[in-house]
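Results of the structural survey
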Amino acid sequence: MPTPSLYFAPPLRWLRAPKNASMRLGVCVLVLLAACATSDGGAPSAPETPAASTHAGERVTPVRGVVVEETPFRDTVELVGFAQAARSAVVTTEIPGRILRLHAEEGERVSRGQVLAEVDVSSQLQQRTQIEAQLAVVQREIDRVERLIERGLGTEMNLDQLLGQRAVLQEGLRPFQSLQRQARTTAPMDGIVVERTAEPGELALPGAPLLRIVDHSEMIVRVGVPEGDIRYLQVGDTLRVLIDAIGHAVDGRVHRIAVEIDERNRAYPVELLVANADERIRAGMRARVRFERSRREAALVVPRDALVQRVDALEAVLAVGGRAQQRIVRTGASLGPYVVVEDGISAGDVLITRGQRGLVDGERVDLQETTPCCAEALASFLETRFSLR
């Protein structure tokens, strides 16, 4: 805003025709200098909001306002969560052994049943060979004793002892029967290898992770729902999920609602399943989930910052008959910069939205501009905030 300057107004007697030319020239110079002092090199610019004026000795404050109108309103909750793969698996070996080969790298896509790792089972094969040799010896002895018994030269006690030895050896051989299959670890599902935690040459132990696989064809979005809003959700509900990173909105189905609250944030964990066949959604992406508490066809919605917070009440300042009128209001649900007024104003009232904070009740105002509010503004806000494709 340009710095105001003093305007020099020459007395009328100076403008009367002087008696000589030199005086006339001096008067002209003074007038020109006074005119130049009123500007900063151009035409004077008016302030954005005109200053208060007086009318019949009474202060008049210029203000701007909106005409309150009824508009449809959706009491909407928006929660922020993160996406992650719905299915994942850790690949481990069934038997201990040194890793011979790993057939997958991080980022590689694998199929169910595909061989991913092979471990060295030569020591186990040697143990199996030894047991099989012992079993063969015992079996030959059993055959010999049975022939002796047929001829009346052997005893049943000796045969029973041999049969017991054979049973022990057969039981010891059982863990080695699927040794070749256990030496090769396969993928339990289709997916992408996202982590490789072992290398060939290392010792693999049962339960120790070798690889981690995730399936991104379906994602889980986890959010925390405040305890006051959990009653609006049920398993099976379809909610709108917005993924800002890809500028895309999808439907998510409520899959699980926790029965216990998370004491850290006083919210109930809720999981939504989101189809992701094109795999555009990646693990860790930020997701916004919204759902409606209620819907009203006619509500009085006003800008939140148009209301004035007093010590013990919230006030709306109206323009009524050219004067400011303060009213205590009761508000309800809010959405972004807008709030529903439940009591205190009516449709058609003129709510002052500019210059209202310094007004006192009954002060004269000059209403310079009014616009309807807030059906179009609220619709535009919703379109901008929620209508990603």
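Residues numbered from 1 in each chain as written. Predicted model: local features only at pLDDT ≥ 70, side-chain atom pairs only at ≥ 80, totals over all residues. Heavy atoms only, no water.

1. What to know about the overall build of the chain
- Along the backbone of the chain there are six helices and 20 strands.
- Taking all 389 residues of the chain together, the buried fraction comes to 34%.
- Restricting the contact set of the chain to residue pairs at least 6 apart, pairs at least 24 apart contribute 74%.
- Surface accessibility of the chain: about 23,300 Å² in total, with carbon and sulfur atoms responsible for 51%. (Helix = DSSP H or I, 4+ residues; strand = E, 2+ residues; numbered from the N terminus. Buried < 20%, exposed > 50% of the residue type's maximum accessible area, 1.4 Å probe, protein only. Contact = heavy atoms within 4.5 Å. Areas by Shrake-Rupley, 256 points an atom, 1.4 Å probe, with all protein chains shown as cover.)

2. Quick notes on the side chain of Arg196
- Turning to its location among the elements, Arg196 is positioned in strand S8 (residues 191-196).
- At 2.8 Å, the side chain of Arg196 forms a polar contact with the side chain of Glu199.
- Each residue touching Arg196, except ones within four places of it in the same chain, is listed here: Leu102, Ala104, Glu105, Glu106, Leu210 and Leu211. (Polar contact = N/O pair within 3.5 Å; in protein donor to acceptor, adjacent residues only side chain to side chain.)

3. Considering helix H4 (residues 156-173)
- The first and last C-alpha atoms of H4 sit 26 Å apart over 18 residues, in line with the 26 Å expected at 1.5 Å per residue.
- Summarising the contacts, the buried residues of H4 are in contact with helix H3 (122-150). (Expected span 1.5 Å × (residues − 1).)

4. Examining the state of the cysteines
- Evaluated as defined, the whole model comprises one disulfide.
- The disulfide that involves Cys373 links it to Cys374, with 1.3 Å between the sulfurs. Looking down the S-S bond of the Cys373 and Cys374 bridge, the torsion is 50°, so its handedness is right-handed.
- According to the relative accessible area criterion, Cys373 is buried, its value standing at 7%. (Disulfide = S-S within 2.5 Å.)

5. Some points on the sheet that holds strand S6 (residues 115-120)
- Spatially, S7-S6-S4-S9 is the arrangement adopted by the four strands of the open sheet, whose pairing is antiparallel. Both outer strands of the open sheet, strand S7 (184-186) and strand S9 (203-204), are each paired with one neighbouring strand and no more.
- In the sheet, strand S4 (residues 97-102) pairs with S6 via four bridges, with the strands oriented antiparallel. When the sheet's bridge partners are listed, Ile99 is paired in S6 with Val119. (Pairing = 2+ DSSP bridges.)

6. A few points about the pairing of strand S18 (residues 338-343)
- Across three bridges, strand S14 (residues 286-303) lies against S18 in antiparallel orientation. Each residue of the ladder has a partner; that of Val301, found in S18, is Val340.
- Pairing of strand S17 (residues 323-335) with S18, which is carried by four bridges, proceeds in the antiparallel orientation. The partner of Leu335 across the bridge, within S18, is Tyr338.
- Connecting S17 to the antiparallel partner S18 that follows it, the hairpin turn spans two residues, and Gly336 within it adopts a positive phi of roughly 60°.

7. Some words on the confidence of the model for the chain
- Here the chain shows a mean pLDDT of 82. Residues at 70 or above account for 84%.
- Within the chain, strand S13 (residues 267-275) carries the highest mean pLDDT (95), whereas helix H1 (residues 12-15) carries the lowest (42).
- Throughout residues 1-49 the model reports pLDDT below 50, and contacts reaching past four residues in sequence, or to other chains, amount to 22 contacts. (pLDDT = per-residue confidence, 0-100.)

8. Details of the side chain of Thr71
- Here Thr71 shows up in strand S3 (residues 70-91).
- Contact partners of Thr71, with chain neighbours within four places excluded, come to Arg296, Glu297, Ala298, Ala299, Val301, Ala375 and Leu378.

9. Some thoughts on the pattern of salt bridges
- What the rule picks out here adds up to 25 salt bridges.
- A salt bridge links Asp215 to Arg87; the nearest nitrogen and oxygen atoms lie 3.1 Å apart. With Asp215 in strand S10 (residues 211-226) and Arg87 in strand S3, the pair connects residues that are 128 residues apart, well separated along the chain.
- For Arg87, a relative accessible area of 43% corresponds to the partly exposed category.
- The residue Arg196 makes a salt bridge to Glu105 at a minimum N-O spacing of 3.0 Å. Pair noted here: Arg196 is in strand S8 and Glu105 is in the loop between S4 and strand S5 (109-110), with a separation of 91 residues, a long-range link.
- Because the salt bridges share partners, they merge into one network encompassing Glu78, Asp244, Arg286 and Arg288. (Salt bridge = Lys/Arg side-chain N within 4 Å of Asp/Glu carboxyl O.)

10. Thoughts on H3
- Compared with the 42 Å implied by 1.5 Å per residue over 29 residues, the 42 Å span of H3 between its first and last C-alpha is a close match.
- Among the residues of H3, Gln124, Ile131, Leu135, Val138, Ile142 and Val145 are the ones counted as buried.
- The inward-facing, buried residues of H3 abut S6, H4 and helix H5 (179-182).
- Backbone geometry just after H3 places Gly152 at a positive phi near 80°.

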